[in-house]
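# Geometric and topological summary
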Amino acid sequence: FLTWRINQTDFDEQDGTTERIESVKVNRKVKASDFLPGKNPCREAIAFGSNRKYETATVLQKEDVTDEIKSGLLMVELKITEMVDECGVDEHLLDGEANVSCEG
């Protein structure tokens, strides 16, 4: 089972721009698209006069990838829109972690 979380960066669409995850693929098959995590923690920190909070958004939750992993390779791809352009984590506009477990 695959669970995939990303760190919130510039996904608030506050300026009327499209700041989303365009596609989520597992072994080149689209598992999700047009996903809006919804936050920009840098802007929130400025607005509230606080430190940036590191928050995650779950992109896939316990996705059954049994058939996909039988080949011995599990390739995960995530594409963000080009307007995700600020508030990176360690200078990365896309940052996260994919975990695979044998138990659902």
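Our subject is the structure listed above.
First things first, this report covers the structure right here in the doc. Given the structure is predicted, the values throughout are model-derived calculations rather than measurements.

### Things to note about the overall build of the protein chain
The secondary structure content of the protein chain amounts to two helices and six strands. Helices and strands in the protein chain line up, N terminus first, as β-β-β-α-β-α-β-β. Overall size of the protein chain, expressed as C-alpha extent along the three principal axes, is 50 × 25 × 20 Å. For the protein chain, the residues scored as buried account for 31% of the 104 residues in total. Excluding contacts between residues fewer than 6 apart, the proportion of contacts in the protein chain whose partners are at least 24 apart in sequence is 76%. By element, 46% of the accessible surface of the protein chain is carried by carbon and sulfur atoms, the whole surface being about 6,600 Å².

### Topic: the sheet that holds strand S1 (residues 2–7)
Strand order in the open sheet formed by three strands is S4-S1-S6, and the pairing between neighbours is antiparallel. Two strands lie at the open edges of the sheet, namely strand S4 (56–63) and strand S6 (96–100), each paired on one side alone. Here the strands of the sheet are splayed against their neighbours by 10° on average, with no regard to which way each runs. Of the pairings in the sheet, the one linking S1 to S4 comprises five bridges and is antiparallel in character. Paired with Asn7 across the two strands is Thr56, which belongs to S4.

### Some points on unusual backbone geometry
Even without being glycine, Lys62 reaches a positive phi, approximately 50°. Tracing the chain through its elements places Lys62 in strand S4. For Lys62, a relative accessible area of 45% puts it in the partly exposed group.

### Some thoughts on the nonpolar core
By size, the foremost hydrophobic cluster in this structure holds 15 residues, and its most contacted members are Trp4, Ile6, Ile21, Val24, Val59, Leu60 and Leu78. For this core, the elements supplying multiple residues, two or more each, are S1, strand S2 (21–26), S4 and strand S5 (76–80). Those residues in contact with Ile6 that lie beyond four places of it in its chain are Phe11, Ile21, Pro37, Glu55, Thr56, Ala57, Val59, Leu78, Leu94, Asp95 and Gly96.

### A short note on the side chain of Asn40
Residue placement: Asn40 occurs in the loop between strand S3 (29–35) and helix H1 (41–48). Residue Asn40 is classed as buried on the basis of its relative accessible area of 2%. Here Asp10 takes part through its side chain, which lies 3.0 Å from a polar atom of the side chain of Asn40. Excluding its chain neighbours within four sequence positions, the residues that come into contact with Asn40 are Thr9, Asp10, Asp12, Glu86 and Cys87.

Rules and cut-offs
- The residue numbers shown here count from 1 along each chain, following its written sequence.
- Residue-level local features of this predicted model are given only where pLDDT is at least 70; pairs of side-chain atoms are given and counted only at 80 or more, and the full residue set underlies all totals for whole chains, interfaces and linings.
- For side-chain calculations, the full set of non-hydrogen atoms in the structure is used, while hydrogens and water are omitted.
- Going along the chain from the N terminus, every DSSP run of H or I of four or more residues is numbered as a helix, and every run of E of two or more is numbered as a strand.
- Note on classification: 1.4 Å probe, protein chains only; a residue is buried when its accessible area is under 20% of the maximum for its type, exposed when over 50%, partly exposed between these limits.
- We call two residues in contact when some of their heavy atoms are within 4.5 Å.
- Shrake-Rupley sampling with a 1.4 Å probe provides the accessible areas, and residues are treated as covered by the protein chains on show and by no other component.
- Here, strands pair whenever DSSP counts at least two bridges between them.
- Axis lines are fitted to C-alpha atoms, over the contacting stretch for helices. Their N-to-C directions set the angle, which ranges from 0 to 180 degrees.
- To define a nonpolar core, start from buried Ala, Val, Leu, Ile, Met, Phe, Trp, Tyr and Cys residues and group those joined through side-chain atoms within 4.5 Å.
- Polar contacts here mean pairs of N or O atoms no more than 3.5 Å apart (in protein, one a potential hydrogen donor and the other a potential acceptor; neighbouring residues in sequence count only if both atoms are side-chain atoms).

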